[in-house]
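# Structure assessment
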Amino acid sequence: MEWLLPFVGPALVLGALVLSWMAGRLDRLHHRVEKASAVLDAALFHRSGTVVEIASAKILDPAASLLLLDAAHRARASTDEEREPAESDLSRALLAALADADQVRRLRADPSHGVLIEELSDACRTVELSRRFHNDVAAAARELHGRVLVRWFRLSGHAAPPRMVELDDSWPPALS
Amino acid sequence: MVCPYSLDVPGGVQNHVRDLTEQLTSLGHQVSVLAPGEEGRGLPGYVVPAGRAVPVPYNGSVARLTFGPLAAKRTRRWLREGRFDLLHIHEPSVPSVSVLALWAARGPIVGTFHTSNTRSRAMSSAAAMLRPSMEKIGGRIAVSEHARRTLVQHFGGEPVIIPNGVFVDRFAVSPAARWSAPGGTVSFLGRLDEPRKGLATLLRAVPLLVRARPRVHVYVAGRGDVDAARRLLPAEHRDDVTFLGQVDDATRSELLASSDLFVAPQTGGESFGIVLVEAMAAGAPVLASDLPAFRAVLDNGRLGSTYPVGDADALARCAANLLADDGRRLGLRDAATEAARRYDWPLLTRDIVRVYETVRRTAAGRVGEDA
């Protein structure tokens, strides 16, 4: 077995290099998940803000306005655990309130309200993109988390694998 | 932007890169495209050549790709000197400048995936190797549902779909009398000598079609050996088909606009079917082989007819029926022209720019070199 001795050092060095490389990858992914999560939060906040503006602008009927206002406020006031259902509810409220394609078309063409509707359309798309891109990074991080080496050597420290964000971000077809 | 294939040969990815660059530039963005090629080869001004493209077998056909130490060095220099706000890599898993750029870069990166690969064993082993660099992409776009599925299969996640585009306005031309035929005008676009474009199927269908519609005329536009293609036709039918060779864009639009039927007999290897969208935008009723990519563009028959892949008899029958049924043909045409609008570049570019903005928010700073 003595012939093995000269190889032990290099093997350990190589192993350490691989491990530190993986730890670095994991660390970078975690940072990006955090960043992406912040971007998603900002996008959601912007969307609910725009909804509040539209609901307060008296351009929809009072019932629809109230419905939107309620959903938007609930989404904005939600705690972390309530966030996803509350934001999904807001998507559904939008779907219901802006279901009439003709009405949306008229509002869009209106010089004073058109801007708001465009902003909402933009905000809805940005929410979708932010969620997808967040989940892309989160999925990559989770995959790495699950690797044997990462688990055995606790490369992730105490960090839990990032969560996937599950929320309904579909928007009224009339907005596209 | 990075394009893995040489821009002096036509192709789906190249056209996408060229059109998107054109549209972004017209919106006031500055675009630099890294692609295979050499200096002074008549490439567009926005192209930075990464070195000679070498023909190598890849993904079941021969592709012209660029790789090696020189290309890697040029890629790094381009990244360093460009000081880009965003890097958009097309086909980030194609072993050409795309892989090199993704390997060497960090910062805000967007990737667009065009390929849908059904034979995926080779891809699966490549996926493991590519994973660490794929992780650097902040926003992933797939051009079709098919491409999205391939991507998710190999790398997971939730890519967004933004389809391939056409400049719809350029196809909105009036029909010209010179293409009209009493029995109806049928057109085909595509390389003559590439078997998967399916010209052979169409030519086999000609005798049967002419029997059903005696004064029909078929126009075939595309590069390749015309004499060899003509020999596939029985002698008595050689006057029923006109081979136009390669045509310019204006002629192409005019031919499509004047066609009573556009036939897409492709037998495979199509991941998108942009050629159908062009025909739809020009107002040519479409009859296509029922490849998954085509069915998706045609919305399962709502925007055009399909027939079983490679079946010349079925093609002839469907074509004859459609030519005889003006109501159905015009119905398809109207639905298709309307649907083609969503592939208009100005519209798609807006979606792509929104992706750029979202990715730039998640990755602070500019594109740089990865250590």
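Heads up: the structure comes first, above all this text.
Throughout this document, residue positions are counted from 1 along each chain, in the order its sequence is written. Written order determines the labels here, with chains lettered from A and ligands numbered from 1. Only residues with pLDDT of at least 70 get local features here, since the model is predicted, and only at 80 or more are side-chain atom pairs given and counted; chain-wide, interface and lining totals rely on the full set of residues. To get the side-chain values, take all heavy atoms of the structure and skip hydrogens and water.

## With respect to the side chain of H88 of chain B
All names here are of chain B. Rule in force here: Only DSSP runs of H or I with at least four residues qualify as helices, and only runs of E with at least two residues qualify as strands; both kinds are numbered from the N terminus onward. Only protein chains enter the area calculation, which uses a 1.4 Å probe; residues under 20% of their type maximum are buried, those over 50% are exposed, and those in between are partly exposed. Here a polar contact is taken to be a pair of N or O atoms separated by no more than 3.5 Å, where protein atoms must pair a possible hydrogen donor with a possible acceptor and residues adjacent in sequence count only if both atoms sit in side chains.
By the element assignment, H88 lies in strand β5 (residues 87-90). Using a relative accessible area of 2% as the deciding quantity, one classes H88 as buried. Here Y356 takes part through its side chain, which lies 2.6 Å from a polar atom of the side chain of H88.

## Quick word on the nonpolar core
Note that soluble globular proteins tend to have their nonpolar side chains buried in a common cluster. Residues and elements named next belong to chain B. Note the cut-off: Residues enter a nonpolar core if they are buried and are Ala, Val, Leu, Ile, Met, Phe, Trp, Tyr or Cys, with the set joined through side-chain atoms within 4.5 Å. We call two residues in contact when some of their heavy atoms are within 4.5 Å.
Within the largest apolar cluster, 36 residues are counted, with the highest numbers of intra-cluster contacts made by F262, L276, M280 and V286. At the level of secondary structure, the elements contributing two or more residues to this core comprise α6 (168-171), β11 (217-221), α9 (249-258), β13 (261-264), α10 (274-282), β14 (286-289), α11 (292-297) and α13 (326-340). Here this core takes seven residues from α10, the largest share from any one element. Every residue in contact with F262, bar those within four places of it in the chain, is listed here: S187, F188, L189, L256, V275, L276, A279, A284, P285, V286 and L287.

## Some thoughts on the pattern of salt bridges
This is how the line gets drawn: Salt bridges are counted wherever a side-chain nitrogen of Lys or Arg sits within 4 Å of a carboxyl oxygen of Asp or Glu.
Going through the model one piece at a time under the given rule, you end up with 37 salt bridges over all chains. Across the pair R83 of chain A and D41 of chain A runs a salt bridge whose closest N-O atoms are separated by 3.5 Å. Linking R83 of chain A in helix α3 (residues 80-97) with D41 of chain A in helix α1 (residues 5-56), this pair joins segments that are 42 residues apart in sequence. On the basis of relative accessibility, which here comes to 37%, the residue D41 of chain A falls in the partly exposed class. Note that E278 of chain B is salt-bridged to R252 of chain B, the shortest N-O span being 2.5 Å. You can see E278 of chain B sitting in helix α10 and its partner R252 of chain B sitting in helix α9, a full 26 residues away along the chain. Relative accessible area serves as the criterion here: at 11%, E278 of chain B is assigned to the buried category.

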